[in-house]
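These are the residues of each chain, in order.
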Amino acid sequence: MVESTPEKHSAKESPSRITLPARFASLDSVRDFVHQAAEECGMGHKTVCEVELAVDEAFTNIIEHSYGGESQEQIECICRQTNDLLVVVLKDCGTPFDPTVVPEPDVGANLEKRKVGGLGMFFMNQLMDEVRYSFTSGPGDRKNCNALTLVKRKEC
Amino acid sequence: MEVTTTQYKNGDLITAQGRIDSSTAPQLAEKMDSITNEGRYKIVFDMTGVEYMSSAGLRVLISTQKTCKRYNRGELMLACVPERVFNALDLAGFVQLFSIYDDLVEAVANL
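Residues numbered from 1 in each chain as written. Chains lettered and ligands numbered in written order. Predicted model: local features only at pLDDT ≥ 70, side-chain atom pairs only at ≥ 80, totals over all residues. Heavy atoms only, no water.

Chemist: Is there a simple way to explain the pairing of strand 3 (residues 85-92) of chain A in this structure?
Modeler: Each regular strand shows side chains that alternate between the opposite faces of the sheet. Residues and elements named next belong to chain A. By the criterion of burial, strand 3 is predominantly enclosed, with eight of the eight residues buried. What you see with strand 3 is no split at all: Leu 85, Val 87, Val 89 and Lys 91 on one side and Leu 86, Val 88, Leu 90 and Asp 92 on the other are buried throughout. Note that strand 2 (residues 74-81) and strand 3 share seven bridges and pair antiparallel. Bridge assignment links Ile 75 to a residue of strand 3, and that residue is Asp 92. Linking strand 2 to strand 3, which pair antiparallel, is a turn of three residues. Inspection of the sheet shows strand 3 paired to strand 5 (residues 145-153) by eight bridges, in the antiparallel sense. (Buried < 20%, exposed > 50% of the residue type's maximum accessible area, 1.4 Å probe, protein only. Helix = DSSP H or I, 4+ residues; strand = E, 2+ residues; numbered from the N terminus. Pairing = 2+ DSSP bridges.)

What follows is the structure in structure tokens.
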């Protein structure tokens, strides 16, 4: 299961979770949710903002690529704190979509050569300490579920 | 998010208040496009009230900048960029692609 991470840490608290419609209007709610989790984790303001942005990009990618646009489907966000980590898992049951294989944009390109999109995954990789994707079976008879795990370390 | 525009003789000022993400970026794109579609390509974006910007907002900025700078006919300038938003611009490698002003009056004077 995706919730078991390779890190050897024991969870201090049980995970908190929220399930939201796969719509862009949910972005405020998912950002607020991870903002609170990161603050409770004792992270500083800059780090909290980085987690918010990374999760926003991940949630947006799921709507756009896994569900092919806004839909009536749902996305679950689970936050788990350990001693020195915040682990955020986003689960959806849309089309299998592994964002970690998306090629990175050339952020050093000049204006003419600069592509308009492709920044979402780049932001996730830059802002988080670890980004993992797994393909899993969902609850009940739901299959084809994606789980994206984003890990942020507390500042030392 | 709220977006307002003001037309001056030499260019346009666009002001946004709130969070710019995939939900709200289309509103910003619509305002930017409404200016460039009328053949005006000198724009100052006052970002004082922008609390947050994801890559969806950055896409609007780069797309508008490409339109404005084509044939050297103009430019999208950024004014009063909050630190949090500047960090996203910097991460995306956008800082060198825009003229960035700390002072709105100075930016508008460059229209």
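From this point, the narrative continues.
Chemist: Please clarify how the side chain of Gln65(B) should be interpreted in this entry.
Modeler: Positionally, Gln65(B) belongs in helix 2 (residues 55-69). The buried category is assigned to Gln65(B), whose relative accessible area is 0%. Excluding anything up to four places from it in sequence, Gln65(B) contacts Leu111(A), Glu75(B), Leu76(B), Leu97(B) and Phe98(B). (Contact = heavy atoms within 4.5 Å.)

Chemist: What's the story with unusual backbone geometry in this structure? I'm lost.
Modeler: All names here are of chain B. Its identity as a non-glycine residue notwithstanding, Asn 72 has a phi of 55°, on the positive side. Assignment of secondary structure puts Asn 72 in the loop between helix 2 and strand 4 (75-79). Positioned with a positive phi, Cys 80 is a non-glycine residue whose angle comes to about 55°. Relative to the assigned elements, Cys 80 resides in the loop between strand 4 and helix 3 (83-91).

Chemist: Please explain the nonpolar core as it appears in this structure.
Modeler: Soluble globular proteins tend to bury their nonpolar side chains together. By size, the foremost hydrophobic cluster in this structure holds 69 residues, and its most contacted members are Phe45(B) and Leu61(B). Sort the elements by how many residues they give to this core and helix 2 (residues 45-66) of chain A lands first, with nine residues. Other than its neighbours up to four places away in sequence, Leu61(B) contacts Met32(B), Phe45(B), Met47(B), Met53(B), Leu76(B), Leu78(B), Leu89(B) and Phe98(B). Met77(B), Ala79(B), Tyr101(B) and Ala107(B) belong to the second largest nonpolar core, which has seven residues in total. (Core = buried A, V, L, I, M, F, W, Y, C linked by side-chain atoms within 4.5 Å.)

Chemist: Is there a simple way to think about the interface of chain A and chain B in this case?
Modeler: Many structure descriptions define interface size as the accessible area lost when the parts assemble. Every contact between the two is made by 28 residues of chain A and, on the other side, 24 residues of chain B. Taking both sides of the interface into account, the surface hidden between chain A and chain B amounts to around 2100 Å²; carbon and sulfur atoms contribute 59%. Looking at the side of chain A facing chain B, the largest losses of area belong to Leu111(A), Arg114(A) and Val116(A), adding up to 29% of the total buried there. Inspection of the chain A/chain B interface yields five salt bridges. Residue Asp32(A) is joined to Arg19(B) by a salt bridge in which the shortest nitrogen-to-oxygen separation is 3.2 Å. Seen at the junction of chain A and chain B, the total is 11 residue pairs in polar contact (both at pLDDT 80 or more). (Buried area = accessible area lost by both parts, 1.4 Å probe. Salt bridge = Lys/Arg side-chain N within 4 Å of Asp/Glu carboxyl O. Polar contact = N/O pair within 3.5 Å; in protein donor to acceptor, adjacent residues only side chain to side chain.)

Chemist: In this structure, what is going on with the sheet that holds strand 1 (residues 16-21) of chain A? I would like to understand it.
Modeler: Two strands in a sheet stick together by hydrogen bonds in their backbones, pointing the same way (parallel) or opposite ways (antiparallel). Residues and elements named next belong to chain A. The antiparallel open sheet is built from five strands, whose spatial order is 1-2-3-5-4. Of all the strands in the sheet, the pair left with one neighbour each is strand 1 and strand 4 (130-136). Strand after strand, the sheet turns through a mean of 15° between neighbouring axes, direction not considered. Packing of helix 1 (residues 27-40) onto the sheet brings it into contact with strand 1, strand 2 and strand 3, and relative to strand 2 it is tilted by some 10°. (Axes fitted to C-alpha atoms, helices over the stretch in contact; angles between N-to-C directions.)

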